[in-house]
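Each chain, written out:
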Amino acid sequence: RTMKFAVIIALTLAAQGAVASEKCRSQATFDERMCNSHMCTDCVLDWCMSQCQKLQEEHPGCRCQSWAEGRDSYSGGEYQGKGKYGDVGDYSEGMSETV
């Protein structure tokens, strides 16, 4: 019984530590740079998308209030430009004109 109790306590403490490490420590900065920026809300360029993904990595555990319930990160949901670069999306169709 003592061993089971010790295991339960250890697992509980480990779970609390995991949750605590996922807390956002810079929500105000994240809101300005991610949630309220053109780059991460409306821009469809590949550069914007990659910069916003890097920004999310710099602010673990942070999320925008406007995101759908269950979306925990920039890449975890629908966003401008998703699937619209390279050989997919609008730029993959049709021939380019030569001058």
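All of these numbers come straight from a predicted model, not from anything done at the bench. Throughout this document, residue positions are counted from 1 along each chain, in the order its sequence is written. With the structure being a predicted model, the display of local features is reserved for residues of pLDDT at least 70 and the display and counting of side-chain atom pairs for 80 or more, all residues being used for whole-chain, interface and lining totals. As a convention, hydrogens and water are excluded, and side-chain values are obtained from all of the structure's heavy atoms.

Visitor: Please explain the overall build of the chain as it appears in this structure.
Guide: Elements are defined by DSSP. Helices are runs of H or I of four residues or more, strands are runs of E of two residues or more, and each kind is numbered from the N terminus. A tally of regular secondary structure across the chain gives four helices and zero strands. A simple rule labels every residue: compare its accessible area, found with a 1.4 Å probe on the protein chains alone, to the largest value its type can have, and call it buried under 20%, exposed over 50%, or partly exposed in between. Counting only residues that meet the buried cut, the chain has 20% of its 99 residues in that class. Surface exposure here means Shrake-Rupley accessible area, sampled with a 1.4 Å probe, where a residue is shielded only by the protein chains that are shown. Accessible surface computed for the chain: about 7800 Å², of which carbon and sulfur atoms make up 55%.

Visitor: How do you make sense of the packing of helix α2 (residues 27-35) against helix α4 (residues 46-58) when you look at a structure like this?
Guide: Geometrically, a packed helix pair is captured by the angle between its two axes and the distance between the axes. Every axis corresponds to a line fitted to the C-alpha atoms, with the helix fit spanning only the stretch in contact, and the corresponding angles, defined between N-to-C directions, vary from 0 to 180 degrees. The interhelical angle for the contact between α2 and α4, taken along N-to-C directions, is 170°, at an axis separation of 11 Å. Our classification of the angle between α2 and α4 gives roughly antiparallel. Within the contact between the two elements, α2 uses Phe-30, Arg-33 and Met-34 and α4 uses Cys-52, Leu-55, Gln-56 and Glu-58. Note that Gly is not counted as nonpolar here; it falls among the polar residues with everything else outside the nonpolar set of Ala, Val, Leu, Ile, Met, Phe, Trp, Tyr, Cys and Pro and the charged set of Asp, Glu, Lys and Arg. Tallied by class, residues from the contact of α2 with α4 come to four nonpolar, one polar and two charged. Each angle is binned into one of four classes, with values under 35 degrees roughly parallel, values over 145 roughly antiparallel, values of 65 to 115 roughly perpendicular, and all other values oblique. When checking whether two residues touch, look at their non-hydrogen atoms; a contact exists if any pair is within 4.5 Å.

Visitor: What is the right way to look at the environment of His-59 in this model?
Guide: With respect to the secondary-structure elements, His-59 resides in the segment after α4. Residue classification places His-59 among the buried residues on the basis of a relative accessible area of 7%. Between the C-alpha atom of His-59 and that of Phe-30, which follows or precedes it by 29 residues, the distance is 6.8 Å. Those residues in contact with His-59, other than ones at most four positions away along the chain, are Ser-26, Thr-29, Phe-30 and Arg-33. Two N or O atoms form a polar contact when they lie within 3.5 Å of each other; inside protein one atom must be a possible hydrogen donor and the other a possible acceptor, and for residues adjacent in sequence the pair counts only when both atoms belong to side chains. At 2.5 Å, the side chain of His-59 and the side chain of Ser-26 are in polar contact.

Visitor: I would appreciate a short explanation of the packing of aromatic side chains in the present structure.
Guide: For any pair of aromatic rings, the description rests on two quantities: the centre-to-centre distance and the angle between the ring planes. Between rings of Phe, Tyr and Trp, where Trp is taken as its six-membered ring, a pair exists when centres lie within 6.5 Å; planes separated by under 30 degrees are stacked, by over 60 edge-to-face, and by other angles tilted. Counting across every chain of the model gives one aromatic pair. Aromatic pair Phe-30 and Trp-67: ring centres 6.1 Å apart, planes at 90°, arrangement edge-to-face. With Phe-30 in helix α2 and Trp-67 in the segment after α4, the pair connects residues that are 37 residues apart, well separated along the chain.

Visitor: Where do I start with the side chain of Arg-71 in this structure?
Guide: Tracing the sequence through the fold places Arg-71 in the segment after α4. Since its relative accessible area comes to 11%, Arg-71 is described here as buried. At 3.1 Å, the side chain of Arg-71 and the backbone oxygen of Ser-73 are in polar contact.

Visitor: Would you mind going over the pattern of salt bridges with me for this structure?
Guide: Opposite charge on two side chains permits pairing when their charged atoms draw close. Salt bridge, as applied in this entry: a Lys or Arg side-chain nitrogen positioned within 4 Å of an Asp or Glu carboxyl oxygen. Scanning the entire structure with this criterion turns up one salt bridge. With a shortest N-O distance of 3.6 Å, Glu-58 and Arg-33 are connected by a salt bridge. Within this pair, whereas Glu-58 is found in helix α4, its partner Arg-33 is found in helix α2, the two being separated by 25 residues in sequence.

Visitor: Honestly, the nonpolar core in this entry has me stumped. Any pointers?
Guide: Nonpolar side chains tend toward joint burial in soluble globular proteins. We call a set of buried Ala, Val, Leu, Ile, Met, Phe, Trp, Tyr and Cys residues a nonpolar core when their side-chain atoms join them within 4.5 Å. The biggest cluster of nonpolar side chains holds eleven residues, and these are Phe-30, Met-34, Cys-35, Cys-40, Met-49, Cys-52, Leu-55, Cys-62, Cys-64, Trp-67 and Tyr-74. Non-local contacts of Cys-52, meaning those with residues more than four positions away in its chain, are made with Met-34, Met-39, Cys-40 and Tyr-74.

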